[in-house]
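Each chain, letter by letter, is given below.
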Amino acid sequence: MKIFCIGRNYVDHAKELNNEVPTEPVVFLKPKSALLQAGVPFYYPEFTNELHYEAELVLRVAKNGRYVPQRHAHKYYNAITVGLDFTARDIQNELKKKGLPWEKAKAWDSSAVIGSWFDFTPDMAKNGIDFQLDVNGETRQAGHSSDMIFHFNELVENITQYFSINIGDLIFTGTPAGVGEVVVGDVLEGYLEQEKAFRLEIK
Ligand code: MG
C-alpha cells in the first residue's frame, strides 16, 4: 500500500506558507508505516517542536492502474474521507532551506491519519465535497473540493504517469488554508459534509 500526498493544491494555502502556486501537482509519498492504525493513540513526536495539522480529503484507490487518462480516472477511486497530513513544520522548513527531501518532516510513523470511509457518490463528483477540521471545538480549516488547483481526476492522471496505483492506495489531496500548530491534549475532529469522520487526541 502506498500513500500519495499532494502539496500546495489550494491557492490560499500555498500563499500562507509563502510557496509558489504550482503549475503541475506537487507529489510526495509516505510509507505504509506512516498510517496511524485504528485504535492506536497518536503521540506527539519527540523530534519536533512545531507539529502542524493539515486536514485533507483522502481518496481510496479501487482499481489497479497506470497511465490513467482523466476521463477514466473516476473509476479508480470509490471512497473518500478526511485525513490529516501531520507535518513537523520546523523540520520541513530546515529541509526546504537546504533543498533536501521532506520525509523526516512528513513521512514518519503515524503521520497519516484517516477517518471513516464514505462511498464516493455521483453527487460528490458533480457538486464537490465540503470538509472541515475543528480543534478543541473551534473550526480551524474549512475547505471545498472545488477550490483544489488540481482536481481528483487530474491528480489520478498525473500520479499514474509516474507511479502505478493499486487497490487500497491512498491519495491525500492537499490542504486548504488554516494550517497550524497542535499541542498535547488538543482534540482534532474532522468532518466530511458535516458528518464526523474522525476524532483524535494528541497524547
Ligand atoms: Mg499536506
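Further up the page is the structure itself.
Residues numbered from 1 in each chain as written. Predicted model: local features only at pLDDT ≥ 70, side-chain atom pairs only at ≥ 80, totals over all residues. Heavy atoms only, no water.

### Quick look at the packing of aromatic side chains
Item 1. One pass over the full model with this rule turns up 10 aromatic pairs.
Item 2. Measuring from centroid to centroid gives 6.0 Å for Tyr77 and Phe152, while their planes differ by 65°, and the two rings are edge-to-face. In this pair, Tyr77 is assigned in strand S5 (residues 77-85) and Phe152 in helix H6 (residues 152-162), connecting sequence segments 75 residues apart.
Item 3. Given the relative accessible area of 9%, Phe152 is considered buried.
Item 4. Ring geometry for Tyr162 against Phe163: centres 6.4 Å apart, planes inclined by 45°, an arrangement best described as tilted.
Item 5. One aromatic cluster in this structure is built from Phe42, Phe47, Phe86 and Trp108.
Item 6. Looking at Arg60, its charged tip hangs above the ring of Trp117, at a distance of 4.9 Å from the centre.
Item 7. Directly above the ring of Tyr76 sits Lys63, whose terminal nitrogen or CZ lies 5.3 Å from the centroid. (Phe/Tyr/Trp six-rings, centres within 6.5 Å; stacked < 30°, edge-to-face > 60°. Helix = DSSP H or I, 4+ residues; strand = E, 2+ residues; numbered from the N terminus. Buried < 20%, exposed > 50% of the residue type's maximum accessible area, 1.4 Å probe, protein only. Lys NZ or Arg CZ within 6 Å of the ring centre and 35° of its normal.)

### Examining the sheet that holds strand S3 (residues 51-53)
Item 1. The strand order S6-S3-S12 describes an open sheet built from three strands, whose pairing is antiparallel. Each of the sheet's edge strands pairs with one partner strand only, and the pair in question is strand S6 (87-88) and strand S12 (180-181).
Item 2. By the bridge criterion, two bridges tie S3 to S12 in an arrangement that is antiparallel. Each bridged residue has a counterpart across the sheet, and for Tyr53 the counterpart in S12 is Gly180. (Pairing = 2+ DSSP bridges.)

### Details of the pairing of strand S4 (residues 55-61)
Item 1. Among the seven residues that make up S4, six are buried, leaving the element largely enclosed by the rest of the structure.
Item 2. Summarising the sheet, S4 and S5 pair through seven bridges and their orientation is antiparallel. Opposite Val61, over in S5, you have Tyr77 as the bridge partner.
Item 3. Bridging between S4 and strand S11 (residues 170-172) involves three bridges; their strand directions are antiparallel. Bridge pairing in S11 links Leu59 to Ile171.

### Considerations on the coordination of the magnesium ion
Item 1. In this structure, Glu54 (OE), Glu56 (OE) and Asp85 (OD) serve as the protein donors to the magnesium ion, at separations of 2.0 to 2.1 Å.
Item 2. Sequence spacing among the residues donating to the magnesium ion works out to E-x1-E-x28-D. Of the two residues, Glu56 sits in strand S4 while Asp85 sits in strand S5, which places them 29 residues apart along the sequence.
Item 3. Judged by its relative accessible area of 0%, Asp85 is buried. (Donors = N, O, S within 2.8 Å, 3.2 Å for Na, K, Ca; no water.)

### So, the pattern of salt bridges
If the charged atoms of two oppositely charged side chains come close together, the side chains can form a pair.
Item 1. Evaluated as defined, the whole model comprises nine salt bridges.
Item 2. Its salt-bridge partner being Asp85, residue Lys106 comes within 2.8 Å of it at the nearest N-O pair. With a gap of 21 residues between them, Lys106 in helix H4 (residues 103-106) and Asp85 in strand S5 connect regions that are remote in the sequence.
Item 3. Measuring nitrogen to oxygen at the nearest pair gives 3.7 Å for the salt bridge that ties Arg140 to Glu138.
Item 4. Since its relative accessible area comes to 33%, Arg140 is described here as partly exposed. (Salt bridge = Lys/Arg side-chain N within 4 Å of Asp/Glu carboxyl O.)

### Examining empty space enclosed by the protein
Item 1. Within the structure shown, the criterion is met by one cavity of 30 Å³ or more.
Item 2. Size it by volume and the largest cavity reaches roughly 120 Å³.
Item 3. Looking at the largest cavity, it is lined by 17 residues, and the ones nearest its centre are Gly7, Arg8, His13, Glu54 and Lys106.
Item 4. Looking at the lining of the largest cavity, the element that brings in the most residues is helix H3 (residues 89-98), giving three residues.
Item 5. Its residues assigned to classes, the lining of the largest cavity shows four nonpolar, seven polar and six charged. (1 Å grid on protein atoms, 1.4 Å probe; cavity = no way out; pocket = protein on both sides within 12 Å on 5 of 7 lines; lining within 4 Å. Points joined across faces, edges and corners; volume = space filled by probe spheres on them. Nonpolar A, V, L, I, M, F, W, Y, C, P; charged D, E, K, R; others polar.)

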